[in-house]
Amino acid sequence: QVHLTESGGGLVQSGGSLRLSCAASWSVYAMGWFRQAPGKEREIVAALSYEGEFTHYADSVKGRFTISRNNANNAVYLQMNSLKPEDTAVYYCATAGRMAAMKNGEIDYWGQGTQVTVSS
């Protein structure tokens, strides 16, 4: 069982920045972030393999969001810049054994979610 603890959500104005953090209780291969807005399906935002050799970003966040990880702390981060109201959602940390699985939504463990609200 891997426990994921997220932090860093909040309320920010359009154009602002937030940094999400997620700490895992064990080392995992692929770590990433999903989000779910009200009335919408959960979607992948970004994912990163263990050594960082593989990354994936949703088209909607490319150039604005950056995913990174610190394997010494089993942590993954999501730096979100130039935030837009449409980025408002609950953001979930996730882990998977393979990047392909992560991108297909075949998630091994989920975090509890953290709310990100971007005001216009």
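In what follows, the accompanying structure is described. (Residues numbered from 1 in each chain as written. Predicted model: local features only at pLDDT ≥ 70, side-chain atom pairs only at ≥ 80, totals over all residues. Heavy atoms only, no water.)

**Quick word on the pattern of salt bridges**
Point 1. In this structure the tally under the stated criterion is five salt bridges.
Point 2. Measuring nitrogen to oxygen at the nearest pair gives 2.9 Å for the salt bridge that ties Asp-87 to Arg-35. Here the residue Asp-87 occupies a position in the loop between β8 (75–80) and β9 (89–96), and Arg-35 occupies one in strand β4 (residues 30–36), the gap between them amounting to 52 residues.
Point 3. Glu-106 is paired through a salt bridge with Arg-98; the nearest N and O atoms lie 3.8 Å apart.
Point 4. Judged by its relative accessible area of 43%, Glu-106 is partly exposed. (Salt bridge = Lys/Arg side-chain N within 4 Å of Asp/Glu carboxyl O. Helix = DSSP H or I, 4+ residues; strand = E, 2+ residues; numbered from the N terminus. Buried < 20%, exposed > 50% of the residue type's maximum accessible area, 1.4 Å probe, protein only.)

**Thoughts on the state of the cysteines**
Point 1. In the structure shown here, the tally under the stated rule is one disulfide.
Point 2. A sulfur-sulfur separation of 2.1 Å characterises the disulfide bridge that pairs Cys-22 with Cys-93. Measuring the twist about the S-S bond at about -80 degrees, one finds the Cys-22-Cys-93 disulfide to be left-handed. With Cys-22 in strand β3 (residues 18–24) and Cys-93 in strand β9, the pair connects residues that are 71 residues apart, well separated along the chain. Side by side, Cys-22 and Cys-93 carry an identical accessibility label, which is buried. (Disulfide = S-S within 2.5 Å.)

That's the geometry; what it means functionally is another story.
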